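# Summary of structural features
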Amino acid sequence: HPTWDFSYYYDWNLKAERYDHDEGQHIDVCRVVGIVNEACTVLSAVDGQLYVSSETKGCCHCVAPWAPLTMLPDWLVRNNATYLGRSTENGQEADGWVAYGSAANRYWASIDEEQRFIKFSDDKFGSVKQWDIRTYHADTPSATLFDKPEACDARCPASPNGCQ
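The text that follows walks through the structure, step by step, so that each part is easy to find. (Residues numbered from 1 in each chain as written. Predicted model: local features only at pLDDT ≥ 70, side-chain atom pairs only at ≥ 80, totals over all residues. Heavy atoms only, no water.)

Turning our eyes to something else, we now look at the sheet that holds strand β4 (residues 50–54). Strand pairs in the sheet, formed through backbone hydrogen bonds, run parallel or antiparallel to each other. Reading across the sheet, the 5 strands line up as β1-β2-β3-β4-β5 and stay open at both edges, with antiparallel pairing between neighbours. Because the sheet does not close on itself, it has two edges, and the strands there are β1 (6–11) and β5 (58–62). Going across the sheet, the axis of each strand differs from the next one's by a mean of 10 degrees, ignoring polarity. (Pairing = 2+ DSSP bridges. Helix = DSSP H or I, 4+ residues; strand = E, 2+ residues; numbered from the N terminus. Axes fitted to C-alpha atoms, helices over the stretch in contact; angles between N-to-C directions.)

Here is the structure:
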């Protein structure tokens, strides 16, 4: 699987999340709006909407039945996850689960009291996407990271399985 470098921010109280992907690294949402070989930000903002942006393409508002992307803290329970057992992931002992939605989503967390996020993978559209978490901060990110971007009212281009 490819190695992706990105920063992920999440605030359940705001019901918002943000992915800042490095150049050439992206999730499907960047690709469906035509952002591939440059840094890309995917933002499920506090206004409940999804925005995608890059330096050259600017920002667009993605309207789709699957948007916004915000993960619910109880998504494993909601999707009747199955416990995979204990394994060593990235050199750490971890508990793993699999939950089925539009894909098989696998999640591993540390076995200590903190239950830190260690690894995630899914096999959407026949290819595996895997996140190996190298650094983790429990601090709540600044709420301004989740604000709607200024001057971002243009709709993203429509595409199959993408924005409408």
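This next bit is on the nonpolar core. Of all hydrophobic cores here, the largest spans 24 residues; its most connected members are Val33, Val42, Val52 and Cys62. Only α1 (28–32), β3 (40–44), β4, β5, α2 (75–78), β8 (104–110) and β9 (117–122) provide two or more residues apiece to this core. Excluding residues that lie within four positions of it along the chain, Cys62 makes contacts with Leu50, Val52, Ala67, Cys156 and Cys163. One finds Leu43, Ala45, Tyr51 and Phe146 within the second-largest nonpolar core, a separate group that totals 6 residues. (Core = buried A, V, L, I, M, F, W, Y, C linked by side-chain atoms within 4.5 Å. Buried < 20%, exposed > 50% of the residue type's maximum accessible area, 1.4 Å probe, protein only. Contact = heavy atoms within 4.5 Å.)

Moving on: the sheet that holds strand β6 (residues 82–89). A sheet is described by the order of its strands in space; here 5 strands give the open sequence β6-β7-β8-β9-β10, paired in antiparallel fashion. The sheet is open, and its two edges are formed by β6 and β10 (129–132), each paired on a single side. This sheet shows a mean twist of 20 degrees between the axes of neighbouring strands, independent of strand direction. Direction of pairing for β6 relative to strand β7 (residues 92–100): antiparallel, over a ladder of 7 bridges. Among the inter-strand pairings, Tyr83 is bridged to a residue of β7, identified as Trp97.

Here the focus is the pattern of salt bridges. Note that side chains of opposite charge can pair when their charged atoms are close. Counted under the stated rule, the structure contains 6 salt bridges. With a closest N to O distance of 2.8 Å, Arg78 and Asp74 form a salt bridge. A residue is classified by how much of its surface remains accessible, and Asp74, at 33% relative accessible area, is partly exposed. One salt bridge in this structure joins Lys119 and Glu89, with 2.6 Å as the shortest N-O distance. Separated by 30 residues along the polypeptide, Lys119 in strand β9 and Glu89 in strand β6 bring together distant segments of the chain. (Salt bridge = Lys/Arg side-chain N within 4 Å of Asp/Glu carboxyl O.)

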